[in-house]
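Coordinate inspection notes
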Amino acid sequence: MPRQRGWDGATGTYPQWYEDPLSCLQTTVGSILLEHGLRPVEVLGLACEFAFAPQDTMCEEFYRPAQSSRGVAADLCPYHDVESEWTSGKNADDLIELIEKHASVIVAVDNYHLPFRPAYHDVHAAHLVVVPAWRKAGGETEFYVSDAQPPRFQGWLPAEHLMNAWTSGNPADHQDVFFSSSEIAGRVLTARVGSEPEELTADGFGRAIEGNLERWNTGAADDADRVWTGQAGVRRFVQQLQERSGDPAELRPAYTFGWAMQAQAFLHGRLTQEFARRANLPYLSGIAAAADSVMSAWSNLRLLSAHAANLARVPELVLRRGDELVHAYEQLAVEWRLAASRGWAEAR
């Protein structure tokens, strides 16, 4: 019998997790965390940082610049024992082998080939789903697919559909210029989640805030840096965007790249708001409000970048929205400093 670890074979369900501002990267990693008994908001919401790789190609919903050698999940969860690795396969047997080895795996797909997606046989677009199990039914191979992104789906899918999506060339599609044009190439993200951490304490929250502040202060954006980070990074990113504001094609990557940054800011604000109430630290609400401002600034900049070709006064708008983004991050850093200066003793 196929091993079905991490998936409830009795009810045929898999733990799904979704919040509206999130992309499939956060929802699939969050589902894996949930499967291991961790609260996704409490893990993914501790960190908030800026990271931009100017040489990367950014045409996938799940794009996020790689920072550490421990994988994108480690970059998303720097305060927890989580690692991930991209690997690949070519056929159903390869995917079965990966499921058997790692249990639930995150599979890259092209929505065009998935019958439960609205884009089925209409629009090519890169996406992620969780595949926790496989089986033989009537002599045919089926995979259990969990997709928390609306319209939300989980259930058995004939191997043919998933293989077509997993091995798709994801060609250029004028209906989705953001998430097409990038070959899926049988990619799979495997994740290792360590032991369940203790309940989040004020000390633990404080260490995360101080870590966020450290990365903000020590960020770099020199020509030799593959990833622009921190205060230096966001300033140079916005400066470059403003310099190129006359060409809509040069603005477009901000829509794709900004999704991961926007989602992270949302989760940081959500966790901080929850933790402020739980730990009776009302002054943390300043961090939550500032994180929400970062999220809103990204939303404005992303939409502007996506629709620049159809707008007037774009350079003027990019100047304003870019400055708002820098200011929002700087205010968040101010709130981190204020909270750190008060310490965390009030909650003990």
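Our subject is the structure that appears above.
In this numbering scheme, every chain counts its residues from 1 along its sequence in written order. A pLDDT threshold of at least 70 governs which residues receive local features in this predicted model, and a stricter bar of 80 or more applies before side-chain atom pairs are shown or counted, although totals over entire chains, interfaces and linings include all residues. With hydrogens and water stripped out, all remaining heavy atoms of the structure feed into the side-chain values.

**Some details on the environment of arginine 302**
Here arginine 302 shows up in helix 10 (residues 285-307). Given a relative accessible area of 7%, arginine 302 falls into the buried group. Note: C-alpha distance between arginine 302 and tyrosine 255 (47 residues apart in sequence) is 4.3 Å. Strands here are runs of E lasting at least two residues and helices are runs of H or I lasting at least four, both read from the DSSP assignment and numbered beginning at the N terminus. Note on classification: 1.4 Å probe, protein chains only; a residue is buried when its accessible area is under 20% of the maximum for its type, exposed when over 50%, partly exposed between these limits.

**Quick look at the sheet that holds strand 7 (residues 187-193)**
Strands sit in the order 2-7-3-4-5-6 across an open sheet of six strands; the sheet is antiparallel. What marks the edges here is a single partner per strand, and that holds for strand 2 (82-88) and strand 6 (153-158). Neighbour to neighbour, the strand axes of the sheet diverge by 35° on average, direction disregarded. Paired strands, in this sense, are two strands between which DSSP finds at least two bridges. Relative to strand 7, strand 3 (residues 105-110) is paired through two bridges, and the arrangement is antiparallel. Across the sheet, isoleucine 106 pairs through a bridge with leucine 189, a residue of strand 7. Each of strand 2, strand 3, strand 4 (126-137), strand 5 (140-147) and strand 7 is contacted by helix 4 (residues 92-102), which is oriented at about 90° to strand 4, the strand it contacts most. Axis angles are defined between N-to-C directions and span 0 to 180 degrees, where every axis is a line fitted to C-alpha atoms and, for a helix, only to the segment in contact. In what follows, residue pairs with any heavy atoms lying within 4.5 Å of each other are defined as contacts.

**Quick notes on the pattern of salt bridges**
Side chains that differ in charge, positive against negative, can pair when their charged atoms come close. Put simply, a salt bridge is a Lys or Arg side-chain nitrogen that is within 4 Å of an Asp or Glu carboxyl oxygen. Tallied over the entire structure, the rule returns 19 salt bridges. The shortest N-O distance in the salt bridge between arginine 117 and aspartate 147 comes to 2.9 Å. In this pair, arginine 117 sits in the loop between strand 3 and strand 4 while aspartate 147 sits in strand 5, placing the two residues 30 residues apart along the sequence. Taken as a pair, arginine 117 and aspartate 147 share a single burial class, namely buried. Across the salt bridge formed by glutamate 330 and arginine 235, the nearest N and O atoms sit 2.6 Å from each other. Here the residue glutamate 330 occupies a position in helix 11 (residues 314-342), and arginine 235 occupies one in helix 7 (residues 230-243), the gap between them amounting to 95 residues. The exposure class assigned to glutamate 330 is partly exposed, which follows from its relative accessible area of 24%. Taking relative accessible area as the criterion, arginine 235 reaches 44% and is therefore assigned partly exposed.

**Points about the side chain of serine 23**
Tracing the sequence through the fold places serine 23 in the segment before helix 1 (24-35). Among the polar contacts made by the side chain of serine 23, one reaches the side chain of glutamine 26 at a distance of 2.9 Å. Excluding residues that lie within four positions of it along the chain, serine 23 makes contacts with Glu61, Gln149 and Trp259. Whenever a nitrogen or oxygen atom comes within 3.5 Å of another N or O atom, the pair is scored as a polar contact, on the condition that within protein one atom can donate a hydrogen and the other can accept it, and that pairs from neighbouring residues in sequence are kept only if both atoms are in side chains.

**Remarks on the pairing of strand 6**
Two elements, strand 5 and strand 6, share six bridges in a ladder whose sense is antiparallel. Across the sheet, the residue bridging to valine 145 is glycine 155, located in strand 6.

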